[in-house]
Amino acid sequence: MTDPAVPTYSTTERDRRWGLARELMDREGLDALLVFGEHEDAGPASGAYDRWFTNGRPGMTVVFPRTGDPVALLPSGQYIMDHLESSRRGESVWIPPENLRASRDSGMIARTLDELELTDSTIGVVGLGPHLPWHPEGIIPFRLWNSVLAQAPKVRFTSVDMALALLVSRLSPEEIDVVRHAASVGDAMARAMVETAAPGVAESEVFAAGMAEGYRRGTVPPAMHFWSGPDPVAVGWPAWGYRPQAPRVLQDGDVIYAEVFSQFGGREAQNQVTIAVGDVHDDFHRAGDVARAAYDAGLEALRPGRTWGDVVEAVHAPLDAADGSMFLIALHSLNPGLVVGRGRGDISKLPGAQAYPAVNAHPAIMTDLVLQPGMSFVLEPQYAFGRHLVHVGGTVIVGEDEPIELNPYTAQILRSG
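In the annotation of an unreviewed UniProt entry, the entry for the protein chain reads Xaa-Pro aminopeptidase, and the organism field reads Kibdelosporangium aridum.

Caption draft 1: Expanded view of the nonpolar core. Among the nonpolar cores identified, the biggest contains 78 residues, and L33, F53, L164 and W308 are the most heavily contacted of them. If one sorts the elements of this core by residue count, helix α9 (residues 282-301) sits on top with 8 residues. When residues of this core are assigned to domains, at least three fall in each of domain 1 (11-169) and domain 2 (173-415). Leave out the neighbours within four places in its chain, and L33 touches A21, L24, M25, F53, V62, V63, F64, I123, G124 and V160.

Caption draft 2: Representation of the domain arrangement of the protein chain in the model. Taken domain by domain, the protein chain comprises domain 1 (11-169) and domain 2 (173-415). The straight-line distance from the C-alpha centre of domain 1 to that of domain 2 is 31 Å. With both sides pooled, the region where domain 1 packs onto domain 2 buries about 1,400 Å², and carbon together with sulfur makes up 59% of that total. At the boundary of domain 1 and domain 2, one finds 2 salt bridges. Measuring nitrogen to oxygen at the nearest pair gives 2.9 Å for the salt bridge that ties E175 to R17. On the surface where domain 1 and domain 2 come into contact, there are 2 residue pairs in polar contact (both at pLDDT 80 or more). The set of elements that each furnish at least two residues to the side of domain 1 that touches domain 2 consists of α1 (11-28), α2 (50-54) and α6 (161-169). The greatest single-element share of the side of domain 1 that touches domain 2, amounting to 5 residues, is contributed by α6. Broken down by class, the residue content of the side of domain 1 that touches domain 2 amounts to 9 nonpolar, 1 polar and 4 charged.

Caption draft 3: Broad picture of the packing of aromatic side chains. A complete count under the given rule lists 9 aromatic pairs for this structure. Residues F207 and F226 carry aromatic rings whose centres are separated by 5.8 Å and whose planes lie at 75 degrees to one another, so their mutual orientation is edge-to-face. A residue pair is termed long-range when its members are at least 10 positions apart, and F207 in helix α8 (residues 203-216) and F226 in strand β7 (residues 225-229) qualify at 19 residues. Among the residues examined, F226 registers a relative accessible area of 0% and is labelled buried. Ring centres of F207 and W240 lie 5.4 Å apart, and the angle between their planes is 75 degrees; this geometry places the pair in the edge-to-face category. Of this pair, F207 sits in helix α8 while W240 sits in the loop between β7 and β8 (254-264), placing them 33 residues apart in sequence. By relative accessible area, which is 14% here, F207 ends up buried.

About the criteria used
Residues numbered from 1 in each chain as written. Predicted model: local features only at pLDDT ≥ 70, side-chain atom pairs only at ≥ 80, totals over all residues. Heavy atoms only, no water. Core = buried A, V, L, I, M, F, W, Y, C linked by side-chain atoms within 4.5 Å. Buried < 20%, exposed > 50% of the residue type's maximum accessible area, 1.4 Å probe, protein only. Helix = DSSP H or I, 4+ residues; strand = E, 2+ residues; numbered from the N terminus. Domains from an automatic or database assignment. Contact = heavy atoms within 4.5 Å. Buried area = accessible area lost by both parts, 1.4 Å probe. Salt bridge = Lys/Arg side-chain N within 4 Å of Asp/Glu carboxyl O. Polar contact = N/O pair within 3.5 Å; in protein donor to acceptor, adjacent residues only side chain to side chain. Nonpolar A, V, L, I, M, F, W, Y, C, P; charged D, E, K, R; others polar. Phe/Tyr/Trp six-rings, centres within 6.5 Å; stacked < 30°, edge-to-face > 60°.

Take a look at the structure:
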């Protein structure tokens, strides 16, 4: 289906990105970039920088020489077939067939470096540094990298993960349109869940309604985090997603927690969703008020020229002032996952948690990062009184002056029915 309202990337956007990559190489004294991308089956992969260069299927390894165009190394023949079909249909593929290679193993990486006369050069690598939150020590497989080092002994490799992440983080107008579209899909997924949730309905039906709405709107969202119950505190896939058991059936007084990941065109939006099913405990409303105050404070602080630390402190002020608990981070960056807020480590306060390993508090990361227009974040404060926990929030982009709030719908407790 072709829909003119759906945003796409132009060749102008391609040239902008490639120009920025060349400027990075000039600035860092690099002869080339070697960009390792996670395969699409990794789910909401924070290490999919390859797509930024290719506008293609995630999971390629990109070699980008400073004086030439990028070469994409493919993990399987499927990628060639997909590229061929997309080209036949006139879709926007950025890497021509002559710049594709049919493997991305260490031997092909070494041969590509030789082909591009990069065997005695300085190459910036994306994949060796941290890719938060799931890969704090890099994403390149150990055996592959050891083999690359052995086959390219004269190459001087240096990690540029952080440098590229900062470069990518300031979205262009075309990218903002794509994130805006992703956010609208996320809202639609949340609305479909609200419309489906009711006492007597299996939680899998609510999950399916949300995911189906994402598919219906022309994207393939990663599986959402989803739990339900009268006072659940879990966060992640529903247990029936990884353990053989039946989904629970919703009851009056339940709440549903969901983290909705809406990805579109290589960019991501997130919704933090709390749905009240019928009459819920008053403490949920108290916790929701605290979480909403934290969200509003973050929205007010998210201005160009402020620092990331300023925003973290603003969000945490209402959370720290209340007499309940928080268990997870309250905000982090998107597109890419670069910075996170601080964690208080309150999990040990949960009833029964004394038998579990302690979860240490941690400081915010890169608090001196100066906000610039186009940077995107998710404000996702959560707060609890006892086991009555509420998550609210969504995607926000730093504007030229005021923030661009994309998901106000989920910045509140939602009610089913």
